[in-house]
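Now for the letters of each chain:
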Amino acid sequence: MTDLAIELSGVGKTYPFFSLDNIDLKVPEGQIMGLIGPNGAGKSTTIRILMGLVHQDRGEVRVLGHHMPAEQVAAKWDIGFASEDMRLYESMTLGWHMSFIQSIYSSWDAAYAQLLLKRFGLRAEQKIKGLSHGQRVKATLLLVFARRPKLLILDEPTTGLDPVARHEILRELTNVMADEGRSILFSSHNTQDVEQISDQITFIDRGRIIDSMDKETYLDRWRRVRLEVPFGIDLPALPGIIGIRRDGRLAVATANEFVPGLANAYESAGARIQCIESMTLEEIFVANVEHSREEVEA
Amino acid sequence: MNGAFAISQSDKRPMYLQIMEQIKQRIAVGDWSEGQSIPSIRQLAVDLQVSVITVKRAYLELEREGIIVTQQGKGSHVASTSGLGARLREQELEQHLVQATRIAAMLGLRPRELEHRLREAGDRVAEKETI
């Protein structure tokens, strides 16, 4: 069995206007997990629970084998965490922050830090208060990456970055994967980033997990089937199809559990298959959220 | 180096298919020869900046097609089948022919007419090459 970098079972947290329910999540060591979901879905709350910053009301949380939040002090030596609301000292330079982190973490890799400075286009002598949003994000990530932690937990690491900076971050994240012992969990609204670099995908909406599985299996289950349907023919309701839109002779069916038999079933009902398309994670994201909300409301 | 690999986001095909395609091209043109060892799954994932699982899937499918061989702990290499590059080109031709036949059928062309069109296309290619 592979070791798990992260394991959540039956985790819940109740707030007056929001609750996280029954969160089960596993991140195998050496893999990248992408956490996606709409605003307010519970991604950040889940991440804060992982870091011991928010204490769950129920369920068990293990990060690198440590029980959270009880053993968070021990766990944090090996976790690199970055989120939007992390604050650096405004009047200090980036270089000051680098020496500060270096004095705490023996794993600090000074040569790698210098390389990242160059790649991210940052300067050590710059004061934090003079940095743009994108530069702050990159500075925060540099301070985390250069520690070479076993586990990276990143809340929206690419939000608000220009395409070049985003690319640099993605490159560093995939570089981490050259080492099989390291793992990453990151949340993002950018489905393209998640689709590109994640081994595992977890989909959260309204405080619960809708899907959590390896990316290839996940993408493979979704298909768009374009059909030509003669007048007078009704398309049968088939399992694995979550929606059909029809306009005149043309119809588009969306499958979330596609098997070739679905196409055969439409053909024997009298429809002609024009094509079967795979879907991007972005398209799946939208279809999935709409579908799960219809189900909740029904 | 795997610098010439390019995963396109505007290409509608899944990333693993694009990776398979590009590995096949390398073999077809002879850059990757029979029996030659190729990057490990993890290494290619890092180089292409895509997930390990995507490259793993591409390698699995290529192995199923008999194009590469992966040995546990020893990495992967191009299959030692002789004439593999030619076979891949052959496959590509076959796919184009099937596609052309389908479109011809949609246009209502008879096989004889398609044959004629193919000969004409051949003449045009030959003309271009002599210029």
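Just above, that's the structure.
Residues numbered from 1 in each chain as written. Chains lettered and ligands numbered in written order. Predicted model: local features only at pLDDT ≥ 70, side-chain atom pairs only at ≥ 80, totals over all residues.

**Considerations on the interface of chain A and chain B**
Here is the rule we go by: We call two residues in contact whenever the C-beta atoms placed from their backbones are within 7 Å. Secondary structure elements are taken from DSSP: a helix is a run of H or I of four residues or more, a strand is a run of E of two residues or more, and numbering for both begins at the N terminus. Only Asp, Glu, Lys and Arg are considered charged, only Ala, Val, Leu, Ile, Met, Phe, Trp, Tyr, Cys and Pro nonpolar, and every remaining residue, Gly among them, polar.
Contact with chain A, which involves 19 residues of that partner, is made by 14 residues of chain B. Listing elements by their share of the side of chain A that touches chain B, those giving two or more residues are helix H6 (163-176), helix H7 (191-197), helix H8 (215-221) and strand E14 (272-278) of chain A. Class assignment for the residues of the side of chain A that touches chain B results in six nonpolar, six polar and seven charged.

**Considerations on the pairing of strand E12 (residues 241-247) of chain A**
Looking along a regular strand, one sees the side chains alternate between the two faces of the sheet. Residues and elements named next belong to chain A. The line we're drawing: A pair of strands is treated as paired once DSSP finds two or more bridges between them.
One ladder, built from six bridges, connects E12 with strand E13 (residues 250-255); its direction is antiparallel. Bridged to Arg 245 within E13 is Val 252. Here E12 folds back onto E13, and the loop between the two strands holds two residues, one of which, Gly 248, carries a positive phi near 65°.

**Looking at the nonpolar core**
Put simply, the test is: Take the buried Ala, Val, Leu, Ile, Met, Phe, Trp, Tyr and Cys residues, join any whose C-beta atoms are within 7 Å, and the set you get is a nonpolar core. Working definition of burial: number of other C-beta atoms within 10 Å of the residue's own, with buried at 20 or more, exposed at 12 or fewer, and partly exposed in between, all C-beta atoms being placed from the backbone.
Core analysis: the largest hydrophobic core is formed by 93 residues, its most contacted members being A:Leu50, A:Val63, A:Ile153, B:Ala45 and B:Val55. Examining the composition of this core, we find that seven residues originate from one element, helix H5 (residues 133-145) of chain A, more than from any other. Excluding residues that lie within four positions of it along the chain, A:Ile153 makes contacts with A:Ile47, A:Leu50, A:Met51, A:Ile79, A:Phe81 and A:Leu185.

**Details of the packing of helix H1 (residues 15-28) of chain B against helix H4 (residues 84-107) of chain B**
Geometrically, a packed helix pair is captured by the angle between its two axes and the distance between the axes. All names here are of chain B. Counted only if it meets this: Axis definition: a line fit to C-alpha positions, over the contact stretch in the case of helices; interaxial angles, taken between N-to-C directions, run 0 to 180 degrees. Under this scheme an angle from 65 to 115 degrees is roughly perpendicular, one under 35 degrees roughly parallel, and one over 145 degrees roughly antiparallel; angles in between are oblique. By definition, any crossing whose near helix is turned counterclockwise from its far helix by less than a right angle is left-handed, and any crossing with a clockwise turn is right-handed.
Two elements in contact, H1 and H4, have axes separated by 8 Å at closest approach and are oriented at 125°. In terms of orientation, H1 and H4 fall into the oblique class. At the point where H1 passes H4, the crossing takes the left-handed sense. Of H4, the residues touching H1 (which contributes Lys 24, Ile 27 and Ala 28) are Leu 84, Gly 85, Leu 88 and Arg 89. Partitioned by chemical class, the residues of the contact of H1 with H4 number four nonpolar, one polar and two charged.

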